[in-house]
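# Reading the structure
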Protein chains: 4
Amino acid sequence: MDYSDVRNNARKIIGDKCKVCLECNGVACRGQVPGMGGKGSGNGFIRNVEQLKNVKIHMDTLYESGNIDASIEMFGRTFKYPFFAAPIGGVKVNYGEGHTDTSYSEAAAKGCYEAGTAAFTGDGIPEESYIGPLDVVGEVSGCGIPTIKPWGVEEAIRKVKLAEKRNVIAIAMDVDAAGLTVFAKMGKPLFPQSVESLKKIIASTQLPFIVKGVMTVEGALKAKDAGAFGIIVSNHGGRVLDDTLSTIEVLPRIVEACKGEMKIFIDGGFRKGTDIFKALALGADGVLIGRPYGVAVYGGEKEGVKLYTEKIGAELEDVMRMTGAQTIKDITMEKVEIVK
Amino acid sequence: MDYSDVRNNARKIIGDKCKVCLECNGVACRGQVPGMGGKGSGNGFIRNVEQLKNVKIHMDTLYESGNIDASIEMFGRTFKYPFFAAPIGGVKVNYGEGHTDTSYSEAAAKGCYEAGTAAFTGDGIPEESYIGPLDVVGEVSGCGIPTIKPWGVEEAIRKVKLAEKRNVIAIAMDVDAAGLTVFAKMGKPLFPQSVESLKKIIASTQLPFIVKGVMTVEGALKAKDAGAFGIIVSNHGGRVLDDTLSTIEVLPRIVEACKGEMKIFIDGGFRKGTDIFKALALGADGVLIGRPYGVAVYGGEKEGVKLYTEKIGAELEDVMRMTGAQTIKDITMEKVEIVK
Amino acid sequence: MDYSDVRNNARKIIGDKCKVCLECNGVACRGQVPGMGGKGSGNGFIRNVEQLKNVKIHMDTLYESGNIDASIEMFGRTFKYPFFAAPIGGVKVNYGEGHTDTSYSEAAAKGCYEAGTAAFTGDGIPEESYIGPLDVVGEVSGCGIPTIKPWGVEEAIRKVKLAEKRNVIAIAMDVDAAGLTVFAKMGKPLFPQSVESLKKIIASTQLPFIVKGVMTVEGALKAKDAGAFGIIVSNHGGRVLDDTLSTIEVLPRIVEACKGEMKIFIDGGFRKGTDIFKALALGADGVLIGRPYGVAVYGGEKEGVKLYTEKIGAELEDVMRMTGAQTIKDITMEKVEIVK
Amino acid sequence: MDYSDVRNNARKIIGDKCKVCLECNGVACRGQVPGMGGKGSGNGFIRNVEQLKNVKIHMDTLYESGNIDASIEMFGRTFKYPFFAAPIGGVKVNYGEGHTDTSYSEAAAKGCYEAGTAAFTGDGIPEESYIGPLDVVGEVSGCGIPTIKPWGVEEAIRKVKLAEKRNVIAIAMDVDAAGLTVFAKMGKPLFPQSVESLKKIIASTQLPFIVKGVMTVEGALKAKDAGAFGIIVSNHGGRVLDDTLSTIEVLPRIVEACKGEMKIFIDGGFRKGTDIFKALALGADGVLIGRPYGVAVYGGEKEGVKLYTEKIGAELEDVMRMTGAQTIKDITMEKVEIVK
């Protein structure tokens with residue numbers, strides 16, 4: 001099995017809900033929620049991908065040759081590459097019958113772990129959709145990041161405690177899920193989080209706490225005030241609000257406001273080694289990749305996840321070689337240029 | 001019946017004159033006047049829709065949770081949402097046999113009223129196309145805004161007086177109809193309105209008077225000087241002059257010149273809750289929606305109007321929830337960003 | 001016969017060489033020289049049309065009503081509209097057998113004359129292609145502008161003298177034909193014109209002399225120094241050099257440098273009343289229209305030319321009405337805005 | 001045989017690997033490596049072509065007529081035109097069986113030589129792919145530029161010495177091939193070149209040494225510090241790194257930093273006389289053309305190369321005539337304008 005087999009398998013298995021397009025850019029699946037499209041016009045998803053193309057890379061191969069090392073230190077561990085699998089939940093609804101949230105997370109978390117990286121896992125209703133993935137993370141010595149929904153403080157703390165028991169390396173909350181009214185309809189409402197509520201949740205644990213779903217400087221500063229270890233610049237893949245900016249567009253202003261005070265992750269449209277390089281050059285500490293891991297899991301299970309991870313990792317190393325960046329720290333702003 | 005039934009019905013009933021496109025953007029109907037297209041190249045209509053896409057929304061769900069209230073006070077009444085049905089006349093010619101101007105307005109005005117908003121109604125030749133809709137407004141306790149053509153002063157005042165008798169909440173004049181030479185050919189010419197002529201008409205009534213069809217700061221200031229209660233920033237859906245700017249582009253400059261001194265409404269390409277939010281953020285006090293209400297009336301009568309109104313209202317509330325705007329006043333300029 | 005008959009006839013008669021497209025924009029005929037396309041990539045033609053779309057018109061119907069008058073004074077005469085038919089030569093090669101240069105010019109010059117405007121006529125090899133059109137101009141009391149090629153001084157003066165005998169209102173030279181090496185191959189070379197050579201030619205006559213084919217401020221100043229009555233900002237419809245700017249783009253800088261010292265005409269992509277309005281607003285004294293008159297002649301002869309002229313004239317008056325411009329002098333820069 | 005025969009032949013002979021498109025712009029062959037496409041998304045190739053379109057040419061035919069001379073002095077010789085055939089290697093893999101690297105170079109080098117210009121030749125594994133083309137250059141009195149891969153210093157110097165024996169006019173190294181890991185897999189690794197390693201190689205020979213594959217000011221300055229005679233601004237046709245800027249975009253900044261201190265060549269998307277003119281106007285001393293020479297060789301052998309060279313040369317002279325540039329030195333920055 002190679003990566004192209006993974007994609008071909010995925011195309012057969014997933015069918016309508018994700019067309020496994022040559023370029024995963026949100027056009028063919030516009031508005032397909034459930035499914036893998038962006039909300040409404042789909043422009044939140046589409047713009048993520050389009051704006052990444054406007055970051056150009058400065059090639060320069062005139063430098064002293066040496067080894068390329070794409071590893072990073074994070075959460076007290078070393079990761080082979082500076083990118084992670086993003087949390088994906090509700091996979092039966094969004095991709096199809098081939099996986100439960102637990103089996104999906106098992107492939108993602110174990111594949112990433114074996115490839116030297118880690119996966120974020122999801123949360124939902126019923127409890128099993130949180131616990132199942134959590135147990136999987138436990139099985140890979142805690143090397144995964146459970147991502148809880150923006151519950152009320154008490155429920156959030158309860159879920160944080162469940163994560164602590166598996167010795168996870170960090171915990172995240174996708175605060176931009178606050179608008180998913182389907183949770184309220186099922187009797188378990190989600191809430192916007194104030195600095196106060198976040199403070200209480202963060203203070204309840206020693207785990208590094210990551211706030212996922214920040215698109216503004218103001219939002220980033222609120223997460224920082226609440227004591228977050230880091231944020232994930234994310235528009236939830238364009239699935240919770242139409243017509244947002246792309247994540248790569250807002251990254252520089254957030255980096256300027258918060259760099260060094262919190263870790264800054266990003267997701268939204270990242271597909272290739274060049275994409276990872278661009279985010280790092282613009283100041284991100286790490287990148288999350290979502291939909292392509294969905295394809296990798298459905299089309300190749302744990303093995304597909306490894307193949308995709310290694311492919312993107314090798315692509316990143318190739319870009320580093322072509323730009324004279326021998327370590328991740330060498331990937332500076334001067335190595336890219338934003339056009340248009 | 002749900003909203004998708006409304007659209008499917010409308011597609012069958014209207015047929016050629018409006019294709020009820022997935023995205024109502026003026027492309028398929030370019031130049032179809034009569035019909036629902038923009039004049040000439042159709043770019044006036046098309047640009048309205050396109051430029052709205054360049055206003056991006058800042059998602060931020062980190063705030064103290066609370067109730068969302070999208071209501072506004074206007075004309076001494078409370079409306080559930082800050083948008084209205086725009087006046088549409090000549091429906092037989094532009095949409096087809098399914099409605100007279102009176103039956104169209106009945107569906108629009110009553111549907112809006114029951115949904116907690118209001119409709120603007122139209123004017124034309126013969127007299128019935130003004131009186132019929134006017135009577136409908138009377139039946140919903142005057143909760144509608146008759147919109148007269150730019151007649152000579154005497155005729156205009158006569159029509160204002162007819163409206164007063166129905167206790168309407170306000171009256172409007174679409175001054176950008178001045179170029180419709182078909183009225184002159186039928187013996188009832190329309191005229192450009194000077195500040196002096198507008199002053200006389202406005203002075204003749206206690207009703208709030210709204211000047212519809214303003215695209216420049218100069219035009220807005222003239223309407224203000226004439227004593228207008230408000231203006232509607234509008235290019236008549238691109239149907240009276242080709243190659244104008246879009247309305248959303250000229251809104252900020254007009255807001256800067258007149259905000260607080262007159263009410264500023266806008267129409268032109270507004271289709272979704274996100275669109276309403278964008279106009280309010282850029283300073284509009286209210287939004288008019290045109291063509292989608294045509295689809296709603298033809299495809300679902302009064303019920304279709306209610307369904308569409310509630311759908312857009314709910315979308316607006318969703319955007320408010322995703323941006324931390326709990327009341328309409330919270331929808332400020334900082335919540336959006338114009339790109340390109 | 002109406003204008004749509006003219007277009008349908010033309011489509012049948014011309015066939016392959018010009019497709020009489022719905023929008024005459026240079027795309028379908030890219031690179032077709034002979035034929036009516038732009039040279040090479042065709043981008044010189046295409047950009048003329050595209051950039052005109054970026055000039056937007058400010059609608060304002062709040063003004064004191066009055067008569068609309070689109071006439072101009074030029075060459076000591078009054079013209080009903082501020083636009084003219086551009087010179088088109090070699091019609092057998094470029095359009096097809098339906099016309100000789102003489103019969104083409106007869107339809108163009110007489111149709112324009114009867115509609116209250118005038119046509120520019122062409123030049124070429126053999127002599128008949130200059131003399132024939134010249135005689136036609138003589139028949140309409142000299143109301144036409146012969147346009148000679150950039151010959152050597154002696155030959156140019158000879159052709160000017162021939163024009164004087166027909167009492168023409170002015171004479172032009174399309175200096176941008178200098179690169180047409182086909183003339184040299186037939187033994188009658190064309191030349192770039194120095195200020196000195198132009199001076200000699202212009203000094204040889206009392207006729208207003210117009211330099212056609214200027215795209216730079218430097219070129220305009222050279223024409224002025226040589227004593228030209230006016231220039232025509234033109235890239236020869238994109239037919240002599242690929243990848244130039246559009247004419248509407250360079251108009252403002254040329255106007256800024258020369259306005260009031262010479263008449264400034266323009267051609268290139270003008271099709272509609274809105275287009276004429278835009279050029280005048282940006283400072284042009286008059287506009288030439290080329291390819292659409294080719295369609296008018298082939299599809300409707302003299303009558304087609306009249307119909308097209310009246311149609312565009314009425315469109316221009318309509319734009320004037322919608323912008324509060326009651327005379328051509330009222331069409332000022334404030335009435336348009338360049339976007340992008 | 002004319003040039004259109006050459007293209008038709010090439011289309012038959014090459015088949016799938018290059019479609020010999022009407023416009024050679026990288027779209028149809030996106031990502032086809034091997035084959036002639038750009039790497040990954042193909043955007044490096046595509047942007048080269050697209051950005052050239054944004055350089056517009058100022059037409060001006062008002063000047064004193066005279067002879068057009070497109071020749072340049074370079075490497076102590078006179079060339080009829082300021083452009084050269086770029087090195088293309090691995091032709092069996094990338095184009096198909098019709099040629100070996102030697103027979104390809106024979107057609108290219110001899111065709112260019114006979115047309116008054118010169119070809120760059122390639123390098124590779126096995127040795128024959130370097131020696132064969134080298135011998136061809138020897139046969140045209142050394143009038144060609146062998147282009148070696150970025151080997152280690154010792155191997156590079158060995159290959160330079162082999163070139164010296166054929167009295168070549170100059171030697172180049174495509175340093176941007178450093179990322180081609182396929183060479184390492186075959187036991188002959190390529191390396192990024194430091195200023196120190198380049199210095200050693202350059203110091204080993206009296207031949208003018210050209211560094212090919214520079215995309216940044218920093219890279220250009222390093223080449224200059226190492227003693228290079230010149231650089232070629234190149235992204236390797238988009239084949240070694242995805243999502244770079246286009247070469248024409250970075251040319252002005254490199255010219256500003258280094259003009260007059262080194263020769264500055266450029267390649268990437270140059271197809272037509274207008275393209276050559278644009279690069280010269282923006283400061284290049286010469287231009288390399290790649291893929292179109294591949295088509296010329298496969299479709300017409302040496303004769304095809306001559307035909308294409310003469311065609312582009314004539315086009316360049318035509319642009320010079322239309323802009324008043326009578327020698328290459330007259331092609332200054334004022335003659336073009338970058339739009340968008």
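Everything numeric here is computed off the predicted structure, so don't read it as measured data.

### Description of the relation of the copies chain A and chain B
You can overlay chain A on chain B at an RMSD of 0.0 Å; the transform is a turn of 90 degrees with a shift of 0.0 Å along its axis. In short, the pair behaves as if placed about a four-fold rotation axis. For chain A, the residue whose C-alpha comes nearest the rotation axis is A:K340, separated from it by 5.9 Å.

### What to know about the arrangement of the chains
One thing to see here is that chain A and chain C don't touch, and their nearest C-alpha atoms sit 12 Å from each other. Separated without contact, chain B and chain D have their nearest C-alpha atoms at a distance of 12 Å.

### Re the interface of chain A and chain B
Each side of the interface is counted separately: chain A has 32 residues, and chain B has 22 residues. A buried area of about 2200 Å², summed over both sides, lies between chain A and chain B, and 58% of it is on carbon and sulfur atoms. Three residues stand out in chain A for area buried against chain B, namely A:P192, A:L241 and A:D243, and they jointly supply 27% of the buried area on that side. Salt-bridge contacts for A:D243 lead to B:K56; the nearest nitrogen and oxygen are separated by 3.7 Å. The tally of links from chain A across to chain B stands at 9 residue pairs in polar contact (both at pLDDT 80 or more).

### Description of the pattern of salt bridges
Between side chains of opposite charge, pairing is possible as soon as their charged atoms come close. Across all of its chains, the model carries 102 salt bridges over all chains by this definition. Residues B:K149 and B:D174 are paired through a salt bridge, measuring 2.7 Å at the closest nitrogen-oxygen approach. Of this pair, B:K149 sits in the loop between β6 (144-148) and α6 (153-164) while B:D174 is found in strand β7 (residues 171-174), placing the two residues 25 residues apart along the sequence. A single burial state applies to B:K149 and to B:D174, both of which are buried. Among the ionic contacts, a cluster of salt bridges with common partners joins A:E127, A:E155, A:R158 and A:K188.

### Observations regarding the interface of chain D and chain C
Every contact between the two is made by 22 residues of chain D and, on the other side, 32 residues of chain C. Between chain D and chain C, a total of about 2200 Å² is buried, with carbon and sulfur atoms accounting for 58% of that surface. Taken together, the connections running from chain D to chain C amount to 9 residue pairs in polar contact (both at pLDDT 80 or more). Mapped by element, the contributors of at least two residues to the side of chain D that touches chain C are β1 (55-57), α11 (273-281) and α12 (291-323) of chain D. Class assignment for the residues of the side of chain D that touches chain C results in 8 nonpolar, 5 polar and 9 charged.

### A word on the confidence of the model for chain A
For chain A, per-residue confidence averages 97 on the pLDDT scale, and 100% of positions sit at 70 or higher. Two summary scores accompany this predicted model of the complex, namely pTM at 0.97 and ipTM at 0.97.

### Looking at the side chain of C:D123
Residues and elements named next belong to chain C. One can find D123 in the loop between β5 (119-121) and α5 (128-139). Residue D123 is classed as buried on the basis of its relative accessible area, which comes to 6%. Side-chain polar atoms of D123 contact the backbone nitrogen of K149, separated by 2.9 Å. Of note is the side chain of D123, whose polar atom sits 2.8 Å from the side chain of W151. Residues within four places of D123 in sequence aside, it is in contact with S129, Y130, T147, I148, K149, W151 and K159.

Conventions adopted
- Residues numbered from 1 in each chain as written.
- Chains lettered and ligands numbered in written order.
- Predicted model: local features only at pLDDT ≥ 70, side-chain atom pairs only at ≥ 80, totals over all residues.
- Heavy atoms only, no water.
- Least-squares fit on C-alpha atoms with pLDDT ≥ 70 in both.
- Contact = heavy atoms within 4.5 Å.
- Buried area = accessible area lost by both parts, 1.4 Å probe.
- Salt bridge = Lys/Arg side-chain N within 4 Å of Asp/Glu carboxyl O.
- Polar contact = N/O pair within 3.5 Å; in protein donor to acceptor, adjacent residues only side chain to side chain.
- Helix = DSSP H or I, 4+ residues; strand = E, 2+ residues; numbered from the N terminus.
- Buried < 20%, exposed > 50% of the residue type's maximum accessible area, 1.4 Å probe, protein only.
- Nonpolar A, V, L, I, M, F, W, Y, C, P; charged D, E, K, R; others polar.
- pLDDT = per-residue confidence, 0-100.

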